[in-house]
Amino acid sequence: MKKLEIIGGKKISGTISISGSKNATLPILASTILTNKKIIIENVPLVKDVETMAELLSNMGSNLKFDKKKKKITIINEKKLKTFAPYHSLKTMRAGILVLGPLLAKFKVAKVSLPGGCAIGSRPVDIHLDALKKMGAKIKIKDGYIHASVQKNLKGCTIKFPKISVGATENILIAACFAQGITKLRNCALEPEIGDLINFLKKLGCNIHRTGKRSINVTGVEKLNSAVHKVIFDRIEAGTYIIAAALTKGRLKIKNIIPKIILTEINFLVKMGVKIIKKKNYIIVNRLKNLKKIDISTKPYPGFPTDLQAQIMVLMTMAKGVSTIKENIFENRFMHVSELRRMGAKIKINNNKATIFGMSKLNGAELMATDLRASVCLVLAGLVPSNKTILNRIYHLDRGYEKIEKKLSRCGAHIKRLN
Ligand code: EPZ
């Protein structure tokens, strides 16, 4: 089992280049099921979840080439794809559920494993399935699989999501591109990754219009073009490295980003006392003074992202005073707290609220990663104490962070991978 060894106490200073977004790449890859024209996707992050999605599509018969040197995926779906997504693909990469909408829209039938829950919550897909049923799909759950079919075509209709869901918005948006007539999506998620998916689908020739703050209208089309698309930057990776610099009082340039997309995160960190200079496609992070406490409530975009909650909690352990975090998106997203406590953090949990007592001294320890963002939070915590931290089960980390130990060690961290 691979582990990471970190010896902290060093400033994270220098330059880090942000990779493409995992959470934009996954729905974009799933949507390529719709077309049999040549697709080129650039700026693809080299992370496990993207490899898993690429394998899933290849196993379905997609002619997919992943050029890791150039971070580019080329896809041509010359022949009819298999409409089956097995459990082993979805058990670690839940976003595999995103092939359901395009398979149904294109091939009128699909057998897709229920993704199942994960460390952070039960992760149901009822909103995806209810919307597809409303569009005319017949859906049966049997032996842990979703058996879906539709007579002729999915039918356009008005779908008001009962809860803001990133995945459901993406799945139904893609399915609606081939549905008959107009599909009016309401109460949609607004995450920038959905904007990137829409840009890609429009390049394919899909007819999509934002008609209001959380409203999107899609008019079904029959034929699609080929396209070349560069994936948007990973805003969660960018936020993670801003916090790494703030934690270690480093001076860090973070490039290949669009600062206005992460304004919420930047504003919260500036409120804590982190100095951030914003330029067109990079920022400079500097931390000169003591950190101030802050209260955060995670929300759908453009609110503070749940995917950065664990990371900012580490920063709060160093602030003056008592900070709080309310986790409103997932029911069990404090798995990192018990490990932070083992390092000496003083944190109280009451249902979905964490109270973090600042100025606690963190000590290196042997730790266990549980999910993707909890893992990176523990890497950040390990950067603080000057003694050793060992992080186990780092396969969680590799799902969503490209070459993290390379990026950090180039900026002064003592971090290495142990087999
Ligand atoms: C996406 O997950 C992201 N994953 C998550 O990032 C992110 O945390 C999440 O959106 C919220 O921003 C990808 O994009 C691949 P949701 P998703 O549907 O789509 C409930 C990471 O670390 N819900 O917006 O699964 C759900 O349980 C990952 O990169 C239903 O009840 O999230 C949750 O409480 C973790 N029924 C809430 O909605 C449904 O059918 C929001 O989930 C679907 C969701």
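Worth saying up front: this structure is predicted, and the values here are computed from it rather than measured.

Colleague: Can you help me understand the packing of helix α6 (residues 166–176) against helix α7 (residues 192–204) in this one?
Modeller: Between α6 and α7, the least distance of the axes is 11 Å, while the angle of their chain directions is 10°. In terms of axis orientation, α6 runs roughly parallel to α7. Here V166, T169, E170, L173 and I174 of α6 lie close against α7, whose contacting residues are I194, L197, I198 and L201. In terms of residue class, the contact of α6 with α7 is built from seven nonpolar, one polar and one charged.

Colleague: Would you explain the site of the ligand in this entry?
Modeller: Neighbouring residues of the ligand: 22 residues in total, closest D126, S165, V166, D307 and I329. Contact distances for the ligand include 3.0 Å between an oxygen atom and a side-chain N or O atom of N23. Here an oxygen atom of the ligand and a side-chain polar atom of R373 are 2.8 Å apart. Broken down by element, the shell around the ligand gets its largest block of residues, three residues, from helix α5 (residues 126–134). Among the residues making up the shell around the ligand, the classes are represented as nine nonpolar, five polar and eight charged.

Colleague: Would you mind going over unusual backbone geometry with me for this structure?
Modeller: Excluding glycine, residues mostly carry a negative phi; peptide bonds, for their part, are mostly trans. In this structure, P302 follows Y301 across a cis peptide bond, with omega equal to 15°. A positive phi angle, near 45°, is found at K403, a position not held by glycine. Structurally, K403 can be placed in the loop between α13 (395–398) and α14 (404–409). Residue classification places K403 among the partly exposed residues on the basis of a relative accessible area of 38%.

Colleague: Help me understand the layout of surface pockets in this model?
Modeller: Each pocket or cavity is described by its volume, and for the second largest pocket that value is around 230 Å³. Every residue lining the second largest pocket is counted, 13 residues in all, and those nearest its centre are M318, S360, K361, L362 and V384. A class-by-class count of the residues in the lining of the second largest pocket yields six nonpolar, three polar and four charged.

Parameters at a glance
- Residues numbered from 1 in each chain as written.
- Predicted model: local features only at pLDDT ≥ 70, side-chain atom pairs only at ≥ 80, totals over all residues.
- Heavy atoms only, no water.
- Axes fitted to C-alpha atoms, helices over the stretch in contact; angles between N-to-C directions.
- Helix = DSSP H or I, 4+ residues; strand = E, 2+ residues; numbered from the N terminus.
- Parallel < 35°, antiparallel > 145°, perpendicular 65-115°, else oblique.
- Contact = heavy atoms within 4.5 Å.
- Nonpolar A, V, L, I, M, F, W, Y, C, P; charged D, E, K, R; others polar.
- Near = heavy atom within 4 Å.
- Polar contact = N/O pair within 3.5 Å; in protein donor to acceptor, adjacent residues only side chain to side chain.
- Buried < 20%, exposed > 50% of the residue type's maximum accessible area, 1.4 Å probe, protein only.
- 1 Å grid on protein atoms, 1.4 Å probe; cavity = no way out; pocket = protein on both sides within 12 Å on 5 of 7 lines; lining within 4 Å.
- Points joined across faces, edges and corners; volume = space filled by probe spheres on them.

On their own, these measurements won't tell you what the molecule is for.
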